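Residues per chain, in single letters:
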Amino acid sequence: MACFNPRSDEALLSCAQMAAADRAAMSMGHFGEDLMEAAGMGVAQLALARTGIRRVLVLCGPGNNGGDGWVAARYLREAGCDVHVVFEGDVSALKGDAFTMARRYDGMTSAYDPSLLDDVDLVIDALFGAGLRGPLRGRAQQMVMDANRCNAFRLAVDVPSGLSGDTGQAEEAVFQADLTVTFFRKKPGHVLVPGRYHCGRVVVHDIGIPACVLDHIAPLAFENSPNLWRSHWPRKVPSNHKYQHGSVLVLGGRPPALGASRMTARAALRMGAGVVTLASPSDGYAIQAGALDEVMVAPYDNDSELGALMADRRRTVLAVGPGAGVGEALRRQVHLALAQKKPVVLDADALTSFEGQADALFAAIQSDVVMTPHGGEFQRVFGTQETAPDQTDGKLAITRAAAYRAGAILVHKGPDTVIAAPDGCAVIETAAPPDLATAGSGDVLAGCVAGLLAQGMPAMAAACCAVWSHGAAARNSGRGLVAGDLIAALPVISKEMELGLKSSVFR
Ligand SMILES: NC(=O)C1=CN([C@@H]2O[C@H](COP(=O)(O)OP(=O)(O)OC[C@H]3O[C@@H](n4cnc5c(N)ncnc54)[C@H](OP(=O)(O)O)[C@@H]3O)[C@@H](O)[C@H]2O)[C@@H](O)CC1
Ligand SMILES: [K+]
């Protein structure tokens with residue numbers, strides 16, 4: 001499947017891609033000065049949307065982020081605010097549009113003094129945006145730390161200073177914004193952790209760059225939303241029988257960890273698969289069969305019997321891992337699953353079992369495989385040394401590298417779950433609540449992916465839809481959410497999504 005619509009509102013642009021969008025807009029006749037004017041005006045408008053903004057301090061840096069700050073300062077002054085601009089250095093040394101905008105501002109300007117923060121209602125951080133390289137130093141660091149301590153509302157222009165727009169990695173000193181106003185499209189740093197926690201509310205302001213410039217830039221990162229994969233949502237045909245709605249085989253857990261695989265199986269069914277079978281080792285069969293109604297339970301005694309269950313042509317998707325027990329036996333069973341050349345979901349123990357032997361796993365992949373590791377499992381399979389995922393590259397880059405290396409879709413779970421395909425296409429989930437960090441939640445997610453794959457959804461779309469549905473199911477509940485609540489909520493989420501798709505709520 002190709003990556004998602006490049007023009008979508010959910011596209012995330014790296015700092016270099018944003019600069020390319022800027023250049024493309026200019027080559028189409030837009031002036032850089034107009035873009036900066038629109039950016040600064042947007043910042044001022046959003047600041048003035050708050051009540052009680054009278055005294056404003058604008059911290060301007062040496063580049064175009066500072067340029068936006070000079071424009072905002074002008075508009076806020078025109079609106080009657082008492083505005084003070086801090087600029088360290090010589091205005092005449094500024095370049096390009098930033099120089100022009102600084103010259104157009106005729107209010108109060110001075111070097112930094114901490115007392116300037118006394119009694120202000122609003123501090124605007126226009127120190128550094130997309131052009132920041134490395135940590136803040138000297139006065140900039142001091143200004144940010146002081147601003148973070150003051151009681152004023154804090155607004156960041158484009159990206160809070162000290163934060164990488166590309167990775168979401170934060171330097172030691174980072175502006176702690178209540179509101180971040182960015183332009184045209186968000187950047188990965190706005191949605192990845194910890195970046196997201198420094199941005200406050202993020203508003204994307206339209207500065208007139210036409211969306212068509214994205215056709216050439218071809219962004220490969222997106223914020224998760226039904227808008228991305230709605231066209232792949234499986235529709236149920238009235239005349240279909242249950243097997244045509246998809247059939248999943250879940251490898252049952254081993255005593256005493258029996259519940260996890262049951263949750264995976266139930267979730268696959270609740271996500272819409274027509275038939276789900278739990279392949280249970282015989283010693284756990286009675287318990288599993290007694291605990292499950294709609295999920296069928298099939299016993300097996302050895303790999304050959306399990307292989308026959310997996311090979312059954314009616315079973316189109318296999319899910320392996322939850323509660324399955326780390327070790328050589330599970331490694332063999334994972335190979336057995338991969339040898340069927342059917343779509344496979346690998347989670348939990350199926351991943352941990354390959355710690356230190358990951359290449360053997362990757363070499364056996366011949367079909368669509370979705371791996372759903374949490375951070376610990378990811379590290380066990382992919383390590384941190386060998387795959388070049390220098391942590392400073394951030395979660396987006398390391399997950400992409402892992403997907404490429406494995407030849408599989410990676411769902412790298414966490415507060416900022418990153419879903420990446422081997423071709424570099426990546427999606428970041430931003431709306432999953434912290435209540436999802438609960439026992440069994442991952443088992444449910446694996447089942448959601450399997451259930452959607454069984455209904456014919458392309459693997460990347462299925463992974464994104466599963467992650468979104470899982471988060472939406474959690475939002476339906478709240479504190480005290482248990483994994484079973486997620487399973488129970490899935491049909492309602494699907495219904496709401498179908499209604500949303502029909503009524504274009506998600507457009
Ligand atoms: N693209 C667009 O479409 C639009 C972009 N717009 C705006 O432009 C912004 C990007 O502007 P930008 O490229 O000038 O970068 P910016 O963040 O101002 O910083 C560069 C300056 O910082 C300096 N510097 C860097 N790191 C440093 C450090 N650690 N410590 C100290 N200094 C450091 C660096 O110095 P140098 O490396 O050159 O020596 C240079 O002087 C973007 O965020 C948005 O707000 C809007 O106007 C709308 C249209
Ligand atoms: K900034």
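What you see is a predicted model, and the numbers here were worked out from it, not measured in a lab.

Student: Explain unusual backbone geometry here, please?
Tutor: One can expect most non-glycine residues to show negative phi and most peptide bonds to be in trans. With an omega dihedral of 10 degrees, the bond running from Val-193 to Pro-194 counts as a cis peptide bond. Of note, Pro-194 is situated in the loop between α6 (188–191) and α7 (195–199). Residues Pro-255 and Pro-256 are joined by a peptide bond in cis, for which omega reads 5 degrees. Located in the positive-phi region is Asp-119, a residue other than glycine, with phi close to 65 degrees. For Asp-119, the position within the fold is in the loop between β4 (108–110) and β5 (122–126). Taking the C-beta count within 10 Å as the criterion, Asp-119 has 12 such neighbours and is therefore assigned exposed. A positive phi angle is found at Asp-158, which is not glycine, with a value near 70 degrees. Tracing the chain through its elements places Asp-158 in the loop between β6 (153–157) and β7 (179–183).

Student: Explanation requested: the packing of helix α10 (residues 259–270) against helix α18 (residues 441–454) in the structure shown.
Tutor: For any two helices packed against each other, the geometry comes down to the angle between their axes and how far apart the axes lie. Between α10 and α18, whose axes approach to 7 Å, the crossing angle comes to 40 degrees. Here α10 runs over α18; the crossing is right-handed. Residues Ala-260, Met-263, Thr-264, Ala-265, Arg-266, Ala-267, Ala-268 and Leu-269 of α10 form the contact with α18, whose own contacting residues are Asp-443, Val-444, Ala-446, Gly-447, Cys-448, Ala-450, Gly-451 and Ala-454. Looking at the contact of α10 with α18, its residues break down into eleven nonpolar, three polar and two charged.

Student: Mind showing me how you'd approach the sheet that holds β6 here?
Tutor: Backbone-to-backbone hydrogen bonds pair the strands of a sheet. The strands run either parallel or antiparallel. Read from one edge of the open sheet, seven strands run β4-β3-β2-β5-β6-β7-β8, paired in parallel fashion. Each edge of the open sheet is held by one strand with a lone partner, namely β4 and β8 (201–205). In this sheet, adjacent strand axes meet at a mean angle of 20 degrees when their direction is disregarded. Note: β7 against β8, five bridges, orientation parallel. Pairing of Phe-183 across the sheet is with His-205, part of β8. Across the face of the sheet, helix α2 (residues 32–48) comes into contact with β5, β6, β7 and β8 while running at roughly 150 degrees to β7. Contacting β2 (55–60), β3 (82–87), β5 and β6, helix α3 (residues 64–78) crosses the sheet at an angle of about 160 degrees to β2.

Student: Sorry, what's going on with the environment of Tyr-404 here?
Tutor: Its location among the elements puts Tyr-404 in helix α17 (residues 394–406). A count of 16 C-beta atoms within 10 Å places Tyr-404 in the partly exposed class. Distance from Tyr-404 to Pro-422, taken between C-alpha atoms, is 4.0 Å for residues 18 residues apart in sequence.

Student: Teacher, can you tell me more about the site of ligand 1 here?
Tutor: With respect to spatial proximity, 29 residues lie near ligand 1, and among them Asp-22, Gly-63, Asn-64, Gly-129 and Gly-131 are the closest. Listed by contribution, the elements that provide at least two residues to the shell around ligand 1 are α1 (15–27), α2 and α3. A per-element tally of the shell around ligand 1 places α3 first, with five residues. Its residues assigned to classes, the shell around ligand 1 comprises 15 nonpolar, nine polar and five charged.

Student: How should the pairing of β5 be read in this particular structure?
Tutor: Each regular strand carries side chains that alternate between the two faces of the sheet. For β5, the tally of buried residues reaches five of five residues, placing the bulk of the element in the interior. Burial along β5 is two-sided: the face carrying Leu-122, Ile-124 and Ala-126 and the face carrying Val-123 and Asp-125 are both buried. Of the pairings in the sheet, the one linking β2 to β5 comprises five bridges and is parallel in character. Each bridged residue has a counterpart across the sheet, and for Val-56 the counterpart in β5 is Leu-122. With four bridges connecting them, β5 and β6 associate as parallel partners. Bridged to Asp-125 within β6 is Ala-156. Read as a crossover between parallel neighbours, the route from β5 over helix α5 (residues 138–149) to β6 is right-handed.

Student: Can you help me understand the sheet that holds strand β11 (residues 275–281) in this one?
Tutor: The sheet built from eleven strands is open, its strands ordered β1-β9-β18-β17-β16-β15-β14-β13-β10-β11-β12 with mixed pairing. Every other strand in the sheet has two partners, leaving β1 (11–12) and β12 (296–300) as the edge strands with one partner each. Of the pairings in the sheet, the one linking strand β16 (residues 409–412) to strand β17 (residues 418–420) comprises three bridges and is antiparallel in character. Opposite Val-411, over in β17, you have Ile-419 as the bridge partner. Along the sheet, helix α11 (residues 282–291) contacts β11 and β12; its crossing angle with β11, the most-contacted strand, is approximately 135 degrees.

Student: Would you take a moment to explain the UniProt feature "binding site: AMP" (unreviewed entry) in the protein chain for this structure?
Tutor: With numbering aligned to this structure, UniProt lists the feature "binding site: AMP" (unreviewed entry) at Lys-413, Gly-414, Pro-415, Asp-416, Thr-417 and Gly-442. Spatial clustering of the annotated residues is evident: they stretch over 30 residues in sequence, but the largest pairwise C-alpha distance comes to 14.3 Å. Mapped onto the elements of the fold, Asp-416 is located in the loop between β16 and β17. Asp-416 gets classed as buried once you count the C-beta atoms within 10 Å, which come to 22. Setting aside chain neighbours within four positions, we find Asp-416 in contact with Val-191, Leu-192, Val-193, Arg-196, Lys-395, Ile-428 and Glu-429. With respect to the element layout, Gly-442 can be found in helix α18. In this structure Gly-442 comes out as buried when scored by C-beta crowding, with 26 C-beta atoms within 10 Å. In this view, Gly-442 contacts Asp-347, Ala-348, Thr-372, His-374 and Lys-413; residues no more than four positions away in its chain are not counted.

Reading the values: rules and limits
Residues numbered from 1 in each chain as written. Chains lettered and ligands numbered in written order. Predicted model: local features only at pLDDT ≥ 70, side-chain atom pairs only at ≥ 80, totals over all residues. Helix = DSSP H or I, 4+ residues; strand = E, 2+ residues; numbered from the N terminus. Buried ≥ 20, exposed ≤ 12 C-beta atoms within 10 Å, placed from the backbone. Axes fitted to C-alpha atoms, helices over the stretch in contact; angles between N-to-C directions. Left-handed = near helix turned anticlockwise from the far one by under 90°. Contact = placed C-beta atoms within 7 Å. Nonpolar A, V, L, I, M, F, W, Y, C, P; charged D, E, K, R; others polar. Pairing = 2+ DSSP bridges. Near = placed C-beta within 6 Å. Right-handed = clockwise from strand over helix to strand, strands pointing away. UniProt positions renumbered as here; feature names shortened; annotations may be inferred.

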